[in-house]
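# Descriptive structure summary
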Amino acid sequence: MYNLTDRNIILGVSGSIAAYKAADLASKLTQAGARLDVVLTPVAERFVTPLTFQSVTGRRAYVDMFDTASGASEQHVEMARRAHALLVAPATATTIARIALGLAEDMLSLTALATRAPIVICPAMDPHMYEHEATQGHLETLLSRGVHVVGPEVGRLASGHTGPGRMSDVDTIIGGLRYVLGRDGDLAAKKVVVSAGGTQEPIDPVRYVGNYSSGKMGYALAEAARDRGADVALVSGAVALPVPYAVRAVFVRSAAEMRDAVVVECADADALIMAAAVADYQPAEAIGQKMKRRRESFSLPLVRTPDILAEVGHRQGLVRVGFAAESEDLLANARHKLEEKGLEFIVANDVTADGCGFGSDTNKVTLIDRQGEEELTLMPKHDVAARVLDRVVTLVQAQGARK
Ligand code: CTP
């Protein structure tokens, strides 16, 4: 789980049937460590109760701005002042209009007017309402003021109509929030290229030589770089993971395709993190037609794939980070790769250790550079990614200072 500890987030919930999804959103944000204050509009309260939110956040949820007993009338200013972000999900056409026009008619629109924190809006409404000039005009106003809009998605809505208007799913919304919170982070205006997943080396039109890489480590690194404000290009093999919010993915299959994509992306990048499990060998020749199973056995000649890290970017100013996937002699092998590939540092991981390796959500790694090594404990891949990015930030900043 990513980390939102010490982040003060206000979740504004307005009156759409999608309000029930906001409870899941509130739960996930709370689990991520955010201090979450929920503000419902009076119409939202007809779909879902403040008690639902209080139960998942452990904090009071607000509706009525004249409720002096709850302290809401005094607290909204303080809440708006200390917020790191205001997330409005779902945002109805009416709430979007109120915020665009600065009408402080309920506690949510009043909070939107009072806060100077970034605002994220997640529209949810019938397609006709969404496409109406009034709504589009208000959204344009909000965009021009720097408000970030997540969604809506195209789909079938509760009204029975199909079109744009469905609120984005909870993970996408959280991605949008994380993107906004990190926008001015320590990698703002920097470009980071991350490779992820395994490559597939074609044998014939239906088969390949591949490996078990899930892409989880690389995707977590892409998110961690995005969370610090970087422009992220994710060069990815085929994996079963959603592309992280505000990350540009370039999908490739073979090592040769990955090399070409990494070369292109690195031309203007500040850092390259090669987390991909690149196949070391590829069939000498891909066979044009599907192979028949007539033969009892056969040998497949393999040739070495390009070493992408070794080939790419001994360019001045590009920070290069590698991974060393080992099953024995972890540190010695990793140190050898650090030198051989001329990297700034390498992330060594024993892919056979408990809780590590392909498909796992956790990893236990040692970060090695020329100064020494730092052994990390077993932790979620998201946390490993954050630690790797801490080092990348320091190195990128040092490069910037040298320029
Ligand atoms: N790598 C690469 N191109 C390759 C193979 C690996 O760029 N053809 C990168 C990986 O993405 C990783 C690092 O090099 O960042 C080390 O990869 P690893 O598979 O651990 O080592 P290899 O260099 O392939 O060496 P070996 O398989 O002999 O351990």
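Residues numbered from 1 in each chain as written. Predicted model: local features only at pLDDT ≥ 70, side-chain atom pairs only at ≥ 80, totals over all residues. Heavy atoms only, no water.

### What about the sheet that holds strand β13 (residues 248-251)?
- The sheet built from 8 strands is open, its strands ordered β13-β12-β9-β14-β17-β18-β20-β21 with mixed pairing. Two strands lie at the open edges of the sheet, namely β13 and β21 (372-375), each paired on one side alone. Pairwise comparison of adjacent strand axes, ignoring direction, gives a mean angle of 20° for this sheet.
- Two elements, strand β9 (residues 191-196) and strand β12 (residues 231-236), share 6 bridges in a ladder whose sense is parallel. In the sheet register, A196 faces β12, and the bridge partner there is S236.
- Against the sheet, helix α13 (residues 330-340) makes contact with β17 (319-326), β18 (345-350), β20 (365-369) and β21, and its axis sits at roughly 150° relative to β18, the strand it touches most. (Pairing = 2+ DSSP bridges. Helix = DSSP H or I, 4+ residues; strand = E, 2+ residues; numbered from the N terminus. Axes fitted to C-alpha atoms, helices over the stretch in contact; angles between N-to-C directions. Contact = heavy atoms within 4.5 Å.)

### Things to note about the packing of aromatic side chains
- Tallied over the full model, the rule gives 1 aromatic pair.
- Ring centres of Y179 and Y245 lie 6.1 Å apart, and the angle between their planes is 55°; on these two criteria the pair is classed as tilted. Separated by 66 residues along the polypeptide, Y179 in helix α9 (residues 170-182) and Y245 in the loop between β12 and β13 bring together distant segments of the chain. (Phe/Tyr/Trp six-rings, centres within 6.5 Å; stacked < 30°, edge-to-face > 60°.)

### Concerning the site of the ligand
- If you check the shell around the ligand, you find 15 residues, and the closest are M274, D280, P306, K337 and K341.
- One of the backbone N or O atoms of F323 is found 2.9 Å from an oxygen atom in the ligand.
- The separation between an oxygen atom of the ligand and a polar side-chain atom of K341 is 2.6 Å.
- Relative to its unbound accessible area of 570 Å², the ligand is 78% covered by the protein chains. (Near = heavy atom within 4 Å. Polar contact = N/O pair within 3.5 Å; in protein donor to acceptor, adjacent residues only side chain to side chain. Areas by Shrake-Rupley, 256 points an atom, 1.4 Å probe, with all protein chains shown as cover.)

### Considerations on the side chain of E265
- Structurally, the position occupied by E265 is in helix α11 (residues 255-266).
- Those residues within four positions of E265 in sequence are excluded, and the remaining contacts are K191, V193, A233, V235, R248 and V250.

### A word on unusual backbone geometry
- With omega at -5°, the peptide bond leading from A89 into P90 counts as cis.
- Along the chain, P90 falls in strand β4 (residues 85-91).
- Non-glycine residue A189 carries a positive phi angle of around 70°.
- Take A189: it is sitting in the loop between α9 and β9.

### A word on the sheet that holds β4
- With respect to topology, 6 strands assemble into an open sheet ordered β3-β2-β1-β4-β5-β6, the strand pairing being parallel. Since the sheet does not close on itself, it has two edges, and those belong to β3 (61-62) and β6 (148-149), each with one partner.
- The strands touched by helix α3 (residues 50-57) within the sheet are β1 (8-13), β2 (35-40) and β3, with β2 carrying the most contacts at an inclination of about 180°.
- The strands touched by α9 are β1, β4, β5 (119-123) and β6; relative to β4, the strand with the most contacts, the crossing angle is about 155°.

### Describing the nonpolar core
- If you look at the biggest cluster of nonpolar residues, it comprises 36 residues, and the most contacted ones within it are L11, V13, L25, L29, L40, F53 and L87.
- Taken together, the elements giving at least two residues each to this core come down to β1, α1 (19-31), β2, β4, β5 and α9.
- One finds L234, L367, V388 and V396 within the second-largest nonpolar core, a separate group that totals 34 residues. (Core = buried A, V, L, I, M, F, W, Y, C linked by side-chain atoms within 4.5 Å. Buried < 20%, exposed > 50% of the residue type's maximum accessible area, 1.4 Å probe, protein only.)

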